[in-house]
Amino acid sequence: MTMSEEERHLRFEGETDCEPAPLPTLRHSCSHVMAQAVKQLFPEVKLAIGPAIEEGFYYDFAKPEPFTAEDLVRIEQRVGEIIRADLPFVREEMPREEAIRFFEAGGEPFKVEILKSIDAPTVSLYRQGDFVDLCRGPHVPSTSRIKAFKLLSSSGAYWRGSERNPMLQRIYGTAWLSQGDLDKYLWRLEEAKKRDHRKLGRELDLFVFHDVAPGAPFWLPKGMVVFRELERFWRDVHDARGYQEISTPILVNKRLWEESGHWEHYRENMFLVEAEEQTFSLKPMNCPPSTYVYRHHLRSYRDLPLRFSELGRLHRFERSGTLAGMFRVRQFTQDDAHIYCRPDQLQAEIIGVIEIVQLLYGVFGFEPRFFLSTKPDTAMGDPALWEQAETALAEALAKRDLPHEVRAGEGAFYGPKIDAVISDALGREWQLATIQLDFVMLPERFALEYMDADGQAKRPVAIHRAIYGSFERFVGILTEHFAGAFPTWLAPVQARVLPVSEKVAAYGRSVFERLREAGIRVELDDRNEKLGYRIREAQLQKIPYMLIVGARESQEGTVSLRRRTGEDAGALPVDRVLADLVAEVASRPVTLTVGRSS
RNA sequence: GCCGGGGUAGCUCAGUGGCAGAGCAAUCGAUUCGUAAUCGAUAGGUCGCGGGUUCAACUCCCGCCCCCGGCUCCA
């Protein structure tokens, strides 16, 4: 039912080639115009497909040499000319066999391949000027309807998305209903570049990458503060909700992975280590080791649910071309937990996890959207249990008044799941939390049991769940979401004391020491530099509060408070600032509250 | 892994078959300063790594590593 625009083009199913809404239609039309421009400038290229996508469109071409930046400029100019020519989009229909002959004659093998793979008796073509494309539409009436577009980039892409197929040359572009919308979109792209966590991570001394450890960050002292604060918050929440923290081995004999099935299905993604003629693997997941904790005792129905949390360091071999800063790493720290429970406890446990999701995300101002993935064709396990579990998941969401979308057939083979997606400050979506039910993988493969009230050994259900997902990726997302200006409770440095000159250095130091003794992460910048210079540096480091002290403040026992937002809150008693700071750190708001009248 | 673009000082980047450069940062000195950059001096390099061509390679050629944008992958 929900079909990607690419699938529409390739499968040629459904009524249309793009969502019949104004924006997708416009983008789809723009992709045709771009293809027309490319054919005019490079008559030898072959057409593949050109759908509308989330924020624009692309078109794939078979061309021996990649497009250059200069090519894109020329193509963009030609697109502009075609738009100005105001060519109408004209729909034609013809029998499929005739269309095959038409595109064979036109030397378009990809169009022929698409036509041969569909079984409609009649197909439609769209023509604008000298350009004809196989297409179900819809399109704008004429090329002049395209008001605001821009070609963005080119890159390689596989035909039909398979790496076994030849590589085509793809050009990405975007189109919007107005110039204002286009400008806003381009601004967002620029802003995203500025906020790139790889750049900010280096500038703010949070973390860096080196080629000695591809896909694994070096956490610098300041980044480690953020990490530890997230960890502390997470532990507080879980400790208060009946979780028991465990830690299982990182280097594990391959026998375990044979038992779990990972050796068969996941070996390509595991790092292997040979020692004393045995093969070990760095764990890519925590779940198999966690079953050893479950099996440490015979479990009674009275023991359940058991909630084992684990901040496990995982290693997955990701192919070199797929690594991307903190967003795609080879080594990461998952905020994992495995809940073992009876089937009748499922719903309460799921609700409990959803509450944690809301609690943890709420602190960052994220409002999660939920997706329920249901039984796939490859599912294993008792269908009745699947039914019960899907109902439990849906009802758990309903009881928390949370709407959700269904992703039919998208569940894991071992159970259905709920995923949570958030939007960041730039409107980008991130899938973070996952709550996966498991009837098969852990319970069956590891023969987990509990003794039920009737004296029979029964199989528990396992819930795999992570909230942040991984600390690495989450810190990357937070860095970009806040553009490095972390809420005070997370900020590596929460306040910096700036004495105006050496004459008040002693007072500055006393303020600094008071704050430090109260547990505030405070720094003293009494370097021999002008105040403006030191303010600028503190500002660039996104330190929430600057406490400026001069002769007046030293007389009155105050500090002049400057927020990183640029606001000058004026002179305030040191006691007041300290009390406000402590309160702010404890309550974890996303905004700066110190010195605001209450 | 595939296609393309890159890798030069801590950072951002210029450079080119013939002595390795700038700004910022760093260090030292002067300045003692009131809300986003005081002035001067000094120091800083395996030009990603390995091989080849050449009288001479940062520059040209080959291989590899890493990064970036995509594709694929993310049971």
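Residues numbered from 1 in each chain as written. Chains lettered and ligands numbered in written order. Predicted model: local features only at pLDDT ≥ 70, side-chain atom pairs only at ≥ 80, totals over all residues. Heavy atoms only, no water.

Here we come to the overall build of chain A. Broken down by element type, chain A carries 19 helices and 29 strands. Taking the principal axes of its C-alpha atoms as reference, chain A extends roughly 90 × 75 × 55 Å. Put simply, chain A has 598 residues, and 53% of those count as buried. Contacts in chain A between residues at least 24 apart in sequence constitute 70% of all its contacts with a sequence separation of at least 6. Surface accessibility of chain A: about 27700 Å² in total, with carbon and sulfur atoms responsible for 50%. (Helix = DSSP H or I, 4+ residues; strand = E, 2+ residues; numbered from the N terminus. Buried < 20%, exposed > 50% of the residue type's maximum accessible area, 1.4 Å probe, protein only. Contact = heavy atoms within 4.5 Å. Areas by Shrake-Rupley, 256 points an atom, 1.4 Å probe, with all protein chains shown as cover.)

Entries for chain A in the domain assignment read domain 1 (5-194), domain 2 (202-469) and domain 3 (495-587). Distance from the C-alpha centre of domain 1 to the C-alpha centre of domain 3: 57 Å. (Domains from an automatic or database assignment.)

Let's shift gears to the pattern of salt bridges. Oppositely charged side chains may form a pair once their charged atoms are brought near each other. Tallied over the full model, the rule gives 45 salt bridges. Among the ionic pairs, E231 bridges to R235, the shortest N-O distance being 3.8 Å. Linking E231 with R235, this pair stays in helix 8 (residues 221-239), spanning 4 residues, or about one helical turn. Across the salt bridge formed by E523 and R496, the nearest N and O atoms sit 2.7 Å from each other. (Salt bridge = Lys/Arg side-chain N within 4 Å of Asp/Glu carboxyl O.)

The space that makes up the largest pocket amounts to roughly 800 Å³. Contributing elements (two or more residues each) for the lining of the largest pocket: strand 17 (331-341), strand 20 (417-423), strand 21 (429-438) and strand 24 (461-470). Among the residues making up the lining of the largest pocket, the classes are represented as 12 nonpolar, 9 polar and 8 charged. (1 Å grid on protein atoms, 1.4 Å probe; cavity = no way out; pocket = protein on both sides within 12 Å on 5 of 7 lines; lining within 4 Å. Points joined across faces, edges and corners; volume = space filled by probe spheres on them. Nonpolar A, V, L, I, M, F, W, Y, C, P; charged D, E, K, R; others polar.)

To continue, consider the side chain of D71. Tracing the backbone through its elements, the reader meets D71 in helix 3 (residues 69-84). For D71, the contacting residues outside a window of four places in its chain are F42, K63 and P66.

With that settled, consider the pairing of strand 20. Most of strand 20 sits inside the fold, with 6 of its 7 residues counted as buried. With 5 bridges connecting them, strand 18 (residues 369-373) and strand 20 associate as antiparallel partners. Along strand 20, the bridge assignment pairs R369 with V421. Pairing of strand 20 with strand 21 involves 6 bridges; the strand directions are antiparallel. Paired with S423 across the strands is E429, a residue of strand 21. Counting the residues that bridge the hairpin from strand 20 to strand 21 gives 5 residues, and of these G427 lies at a positive phi of roughly 80 degrees. (Pairing = 2+ DSSP bridges.)

A word on unusual backbone geometry. Put simply, G137 and P138 share a cis peptide bond, and its omega is -5 degrees. In this fold, P138 is placed in the loop between strand 6 (131-134) and strand 7 (148-158). With omega at 0 degrees, the peptide bond leading from L304 into P305 counts as cis. Here P305 shows up in the loop between strand 15 (299-300) and strand 16 (306-315). Although it is not a glycine, E277 sits at a positive phi angle of roughly 60 degrees. As for its position among the elements, E277 is in the loop between strand 13 (272-275) and strand 14 (278-282). Even without glycine at this site, R588 takes up a positive phi of about 55 degrees. You can see R588 is positioned in the segment after helix 19 (574-587).

In the vicinity of RNA strand B there are 50 residues, among which S155, H262, S320, N528 and E553 approach most closely. Expressed as a percentage, the sugar and phosphate content of the atoms of RNA strand B within 4 Å of the protein is 51%. One nitrogen or oxygen atom from the side chain of R198 is found 2.7 Å from a phosphate oxygen belonging to RNA strand B. Of all the elements in the fold, those that place two or more residues in the surface near RNA strand B are strand 7, strand 8 (167-176), helix 7 (197-203), helix 10 (262-265), helix 17 (531-540), helix 18 (551-556) and strand 28 (558-563). Ranked by residues supplied to the surface near RNA strand B, first place goes to helix 17 with 7 residues. Here the residues of the surface near RNA strand B sort into 16 nonpolar, 17 polar and 17 charged. (Near = heavy atom within 4 Å. Polar contact = N/O pair within 3.5 Å; in protein donor to acceptor, adjacent residues only side chain to side chain.)

Attention now goes to the sheet that holds strand 14. Across a sheet, strands are paired by hydrogen bonds formed along the backbone, either parallel or antiparallel in direction. Strand order in the open sheet formed by 3 strands is 12-14-13, and the pairing between neighbours is antiparallel. The strands lining the two open edges of the sheet, one partner per strand, are strand 12 (251-253) and strand 13. With strand direction ignored, the average angle separating the axes of adjacent strands in the sheet is 40 degrees. Bridge analysis of strand 12 against strand 14 gives 3 bridges, and the strand direction is antiparallel. Note on strand 14: the bridge partner recorded for N253 is F280. (Axes fitted to C-alpha atoms, helices over the stretch in contact; angles between N-to-C directions.)

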